[in-house]
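# Summary of the model geometry
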Amino acid sequence: MDEVTFKSDTVLSDVHLYTPNQRRLMVRLNGVGQPVFLSPFKLLWSQDSWTDSGTKGDRHRDAHTWEAPPAGSGSPGSPPGSGHSHAGSPLQAGAGAQLDEDGDLDVARRPRATSVPDQEEPPRDKVHPMILTQEEDDVMGDETPESCPNSVIQIEHTMATPLEDVGKQVWRGALLLADYILFRRDLFQGRTVLELGAGTGLASIVAATVARTVYCTDVGVDLLAMCQRNVTLNSHLAAAGGGVVKVRELDWLKDELCTDPEAPFSWSEGDIADLYDHTTVLFAAEVFYDDDLTDALFATLSRLAHRLKNACTAILSVEKRLNFTLRHLDVTCEAYDHFRSSLHALEKLAPGKLRFVVEPVEASFPQLLVYERIRQLELWKIVAEPAA
C-alpha cells in the first residue's frame with residue numbers, strides 16, 4: 001500500500017499522517033471494512049522510573065525529581081526526538097566542542113519531525129501505511145513490547161475515517177491528556193475514574209497505571225470492541241499498578257446507563273454502584289468537534305457530577321482547530337468557540353447542589369509520549385464542589 005486514496009469526507013489524525021519513518025502493521029479489517037493498524041506509542045521513561053507520586057496543584061515538577069531518560073530520548077520538557085539532554089550535550093562545560101574536518105563548529109541538526117514552537121508550520125515528512133506480515137522480523141523495531149514491556153503502549157487504530165468514526169483514530173489531545181495523567185499521579189492514584197468518549201482507549205490505559213478502576217466509555221459496538229482489544233493488549237501495564245479497565249457503553253444522548261445484560265459492554269448493578277459511590281475524576285480528550293455532541297457532553301458531565309457521591313474533578317483536552325468556512329469567508333474555529341462558550345455557561349450556572357469552577361491548565365508539564373505538542377492543544381480543569 002504505497003498510496004492511500006481519500007474521499008472528500010475523510011478525516012485524518014496528524015498523529016498518524018505525520019510520523020516519519022514509522023512502519024505500521026495492518027492487522028485486520030474491522031466490522032465496517034476499515035483497515036486497522038497496530039502502532040507503538042513509546043514512553044520516554046519506563047514505568048519503573050516514576051519515582052515521584054505527584055505534586056500538589058499544577059506547578060511544574062522540578063527536573064531533579066525525575067530519573068534521567070535514556071540517552072537520545074530528550075530531557076523533560078524538550079521536544080521529542082531532539083536527542084539532547086543537558087548531561088550529554090557536546091557543549092557542556094568541560095566537554096570538548098564537536099568540530100568538522102575544517103575546524104568549524106559542528107552543530108547537530110534538529111530532526112525534521114521535531115516541533116519548533118515559534119515555527120508556524122514545521123516541515124514534515126509524509127508517511128504511508130504499509131501492510132506487513134505477522135511473521136516479518138522487527139515489525140516494531142526496538143520498540144517491541146518484549147524488549148520494553150513497561151515503556152510501550154500498543155494501540156490498534158484506523159489511519160483515516162469518516163467524521164462519525166474519528167474515535168477510531170489516535171489524536172494529539174489524548175496524548176497530551178496522558179502526559180497530564182502521568183504528571184498528576186496524585187490526582188489519580190488509587191482512585192475510581194471515568195473517561196468520556198474514550199475512542200481507542202489510550203488515555204484510559206495510561207490512567208490504569210495509576211488509578212484503581214478506570215471506566216472507559218464510548219458508543220458503538222465496533223469502536224468499543226477495538227477499545228477492549230487495546231485494553232487487553234496493554235493489560236500488563238495496568239496489572240503492574242494494580243489497576244483495572246472496564247470498557248462500557250455510555251451514550252451522552254441518553255439519561256440512563258445501558259443495563260441490558262444481552263447488550264455488549266452494558267453496566268452491571270455493581271458497576272453502577274461503584275461508579276456513583278467512588279468516582280472522583282472524569283476526563284475526555286478531543287471530543288469537541290460537533291456542537292450538538294459538545295452540548296451532550298457537558299449535559300452528561302453535569303448530570304454525572306450531581307449523581308456522584310463525592311466531589312469530582314473533570315479534565316478536558318481540546319485542540320483549537322482553524323478552518324476556512326464559506327459561511328464566514330474567513331478562517332474560524334467554530335467548534336472550539338462553542339466549547340469555550342459551553343465552559344463559560346457551565347461556570348455561570350445558577351448555584352444549586354453544586355457549583356463548577358473552571359480554569360485552564362498550563363501545558364508546561366513534562367512530555368513523556370512522543371508527539372507534536374503544538375500551541376493549539378489545551379487542557380481545562382473543572383472542579384465540581386458543593387455550593388456554599
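These remarks concern the structure in this document. (Residues numbered from 1 in each chain as written. Predicted model: local features only at pLDDT ≥ 70, side-chain atom pairs only at ≥ 80, totals over all residues. Heavy atoms only, no water.)

### Digging into unusual backbone geometry
As a reminder of what qualifies: Secondary structure follows DSSP: runs of H or I at least 4 residues long count as helices, runs of E at least 2 residues long count as strands, and numbering of each begins at the N terminus.
Despite not being glycine, phenylalanine 265 shows a phi value in the positive range, around 60°. Here phenylalanine 265 lies in the loop between strand 8 (244–249) and helix 7 (269–278). Despite not being glycine, glutamate 286 has its phi angle at roughly 55°, a positive value. Looking at the element boundaries, glutamate 286 is found in the loop between strand 9 (279–285) and helix 8 (291–307).

### Description of the nonpolar core
Which entries qualify depends on this criterion: Each nonpolar core is a collection of buried residues, namely Ala, Val, Leu, Ile, Met, Phe, Trp, Tyr and Cys, held together in the definition by side-chain atoms within 4.5 Å. For the exposure calls, accessible area comes from a 1.4 Å probe over protein chains only, and a residue counts as buried if that area is under 20% of its type's maximum, exposed if over 50%, partly exposed in between.
Among the nonpolar cores identified, the biggest contains 49 residues, and Phe41 and Phe283 are the most heavily contacted of them. The dominant element in this core, judged by the number of residues it contributes, is helix 2 (residues 172–183), at nine residues. Ranked by size, the runner-up nonpolar core spans 36 residues in total, among them Leu250, Ala284, Phe298 and Leu308.

### Quick notes on the sheet that holds strand 14 (residues 377–386)
Defined as follows: A strand pair is defined by DSSP finding two or more bridges across the two strands. Interaxial angles span 0 to 180 degrees and are taken between N-to-C directions of axes, which are lines fitted to C-alpha atoms, for helices over the stretch in contact. The contact criterion used is simple: two residues touch if any of their non-hydrogen atoms lie within 4.5 Å.
With mixed pairing, the seven strands of this open sheet are ordered in space as 8-7-6-9-10-14-13. Both outer strands of the open sheet, strand 8 and strand 13 (354–361), are each paired with one neighbouring strand and no more. Pairs of neighbouring strands in the sheet enclose a mean axial angle of 20°, with direction left out of account. Contacting strand 7 (213–218) and strand 8, helix 5 (residues 221–233) runs over the sheet at an angle of about 175° to strand 8.

### Points about helix 8
Defined as follows: A helix is expected to reach a length of 1.5 Å times the quantity of its residues less one.
Across its 17 residues, helix 8 extends 25 Å between first and last C-alpha, which sits within 8% of the 24 Å expected from 1.5 Å per residue. All of the buried residues along helix 8 are Thr294, Ala296, Leu297, Phe298, Thr300, Leu301, Ser302, Arg303, Leu304 and Ala305.

### Considering the environment of alanine 174
Summarising the element assignment, alanine 174 is placed in helix 2. Taking relative accessible area as the criterion, alanine 174 reaches 15% and is therefore assigned buried. Separated by 28 residues in the primary sequence, alanine 174 and leucine 202 have C-alpha atoms spaced 6.9 Å apart. Beyond its immediate stretch of four places on either side in the chain, alanine 174 contacts Leu202, Ala203, Ala285 and Glu286.

### Regarding the pairing of strand 4 (residues 152–157)
Counted residue by residue, strand 4 has six buried out of six residues, so it is predominantly covered. Side chains of strand 4 alternate between two faces, with Val152, Gln154 and Glu156 and Ile153, Ile155 and His157 buried alike.

### Observations regarding the side chain of asparagine 30
Checked against the element boundaries, asparagine 30 lands in the loop between strand 2 (25–29) and strand 3 (35–42). The buried category is assigned to asparagine 30, whose relative accessible area is 7%. Excluding residues that lie within four positions of it along the chain, asparagine 30 makes contacts with Val36, Thr158, Lys168 and Asp222.

### Considerations on the packing of aromatic side chains
Which entries qualify depends on this criterion: Each Phe, Tyr or Trp ring (for Trp, its six-membered ring) is paired with any other whose centre lies within 6.5 Å, and the angle between the two planes then decides the class: stacked below 30 degrees, edge-to-face above 60, tilted in between.
Taken as a whole and assessed by the stated rule, the structure comprises eight aromatic pairs. Here tyrosine 215 and tryptophan 267 contribute two aromatic rings whose centre-to-centre distance is 5.3 Å and whose plane-to-plane angle is 25°, an arrangement assigned as stacked. Taken as a pair, tyrosine 215 in strand 7 and tryptophan 267 in the loop between strand 8 and helix 7 lie far apart in primary sequence, 52 residues in all. Tryptophan 267 sits in the buried class, given a relative accessible area of 3%. Pairing phenylalanine 298 with phenylalanine 339 gives two aromatic rings, centres 6.1 Å apart and planes at 45°, and the pair type is tilted. Here phenylalanine 298, found in helix 8, pairs with phenylalanine 339, found in helix 9 (residues 334–347); they are 41 residues apart in sequence, far enough to count as distant. Accessibility classification places phenylalanine 298 together with phenylalanine 339 in one group, the buried group. Here a set of aromatic residues connected by ring pairs shows up, and it is made of Phe288, Phe298, Tyr336 and Phe339.

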